[in-house]
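Inside the fold
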Amino acid sequence: MIKLLIADDHPLFREALINVISAALTNPEIIEAGTLDDALVLAQAHEDMDLILLDINMPGMHGLDGLSALRREAPTIPVVIISAEEDKQTVLKALNQGAAGFIAKSAARDEMATALQQILQGEVYLPASIMRKTQETPLPTTQTRPSLSMELLFSLTRRQLLVLERMVKGESNKQIATHLNIAETTVKAHVSAILAKLGVNNRVQAILAANDLDFSTIIRR
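Residues numbered from 1 in each chain as written. Predicted model: local features only at pLDDT ≥ 70, side-chain atom pairs only at ≥ 80, totals over all residues. Heavy atoms only, no water.

Focus: the overall build of the chain
Along the chain, the regular secondary structure elements total 12 helices and 5 strands. Over its C-alpha trace the chain gives a radius of gyration of 18 Å, about what one expects of a compact globule, namely 17 Å for 221 residues. The dimensions of the chain, computed from C-alpha atoms along their principal axes, are 50 × 40 × 30 Å. Here the chain holds 221 residues, and the buried ones make up 48% of them. Restricting the contact set of the chain to residue pairs at least 6 apart, pairs at least 24 apart contribute 68%. With the model as given, the accessible surface of the chain reaches about 10900 Å², and the carbon-plus-sulfur share is 49%. Of the charged side chains in the chain, 21 are positive and 26 negative, and the gap between their average positions amounts to 12 Å. (Helix = DSSP H or I, 4+ residues; strand = E, 2+ residues; numbered from the N terminus. Rg over C-alpha atoms; globule rule 2.2 N^0.38 Å. Buried < 20%, exposed > 50% of the residue type's maximum accessible area, 1.4 Å probe, protein only. Contact = heavy atoms within 4.5 Å. Areas by Shrake-Rupley, 256 points an atom, 1.4 Å probe, with all protein chains shown as cover. Lys, Arg positive; Asp, Glu negative; His and termini not counted. Charge placed at Lys NZ, Arg CZ, Asp CG, Glu CD.)

Considerations on the sheet that holds strand β3 (residues 51–54)
The sheet built from 5 strands is open, its strands ordered β2-β1-β3-β4-β5 with parallel pairing. Edge positions in the open sheet fall to β2 (29–33) and β5 (101–104), since each of these has one partner strand only. For this sheet, the mean angle separating the axes of adjacent strands, direction not counted, is 20 degrees. Packing against the sheet, helix α5 (residues 109–120) makes contact with β3, β4 (79–83) and β5, and its axis sits at approximately 170 degrees to β5. (Pairing = 2+ DSSP bridges. Axes fitted to C-alpha atoms, helices over the stretch in contact; angles between N-to-C directions.)

What to know about the nonpolar core
By size, the foremost hydrophobic cluster in this structure holds 57 residues, and its most contacted members are I52, L54, L164 and M167. Excluding residues that lie within four positions of it along the chain, L54 makes contacts with A7, M61, L67, L70, V79, V80, I81 and I82. With 21 residues, the next largest nonpolar core counts L25, A100, A113 and I119 among its residues. (Core = buried A, V, L, I, M, F, W, Y, C linked by side-chain atoms within 4.5 Å.)

Comments concerning α5
Helix length check: α5 (12 residues) gives 17 Å between terminal C-alpha atoms against 16 Å at 1.5 Å per residue, within 8%. The set of residues buried in α5 consists of M112, A113, A115, L116, Q118 and I119. Positive backbone phi, approximately 90 degrees, marks G122, located one or two places after α5. (Expected span 1.5 Å × (residues − 1).)

Thoughts on the environment of R159
Among the secondary structure elements, R159 is positioned in helix α8 (residues 158–168). Each C-alpha atom, one on R159 and one on I219, is 9.1 Å from the other, the two residues being 60 residues apart in sequence. Residues in contact with R159, not counting those within four places in the same chain, are L180, I182 and H190.

Considerations on the environment of N57
With respect to the helices, strands and loops of the structure, N57 is situated in the loop between β3 and α3 (65–73). You can call N57 partly exposed: its relative accessible area is 49%. For the pair formed by N57 and L161, sequence separation is 104 residues and the distance between their alpha carbons is 36 Å. The residues touching N57, leaving out its near neighbours within four places in the chain, are S83 and E85.

Here it is in structure tokens:
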């Protein structure tokens, strides 16, 4: 049984999200919190929680400080930001502070269901619009990002570069497999190889490191 915590101060949104979760998952156990303090207490009381869905604008959050506090108190529980705020810099900063993904409150029901299933499978979910490279929204200079040298970059095979490009676009392993016409197990093997070659610990770090790459000039199509 999947156990989730919805931490959001709007009861109507919590109710709507519960309906989405209940339709997407089989008999989930759902716990609710309306403030950061309540979320911290519940996270400590339920160490077997599979996922926390966290609104960064609810009472007690103080921006991303609340996310940091929750990650300190419950470091083993994945935390996904669910918010009406879709600013790219805020989202990437949240990932850098330990969030496992981001779901926009404006997302369609099917998109939310897909995001939840993807995250519970250990992947990162990010809307493609967040990861799309734009000159208007550069990453903040104060953000700590994994470095990516040309030597590391060229250690990747062409297929691995294609997989990395799709990862940066926010695609799941299943979506990458469909687009590249390869097995999902093959995608997983490529992802593991990419993480090892780039010297990063997880998918989020790989995405952050490669976010500004111009793949059209790197990959021979």
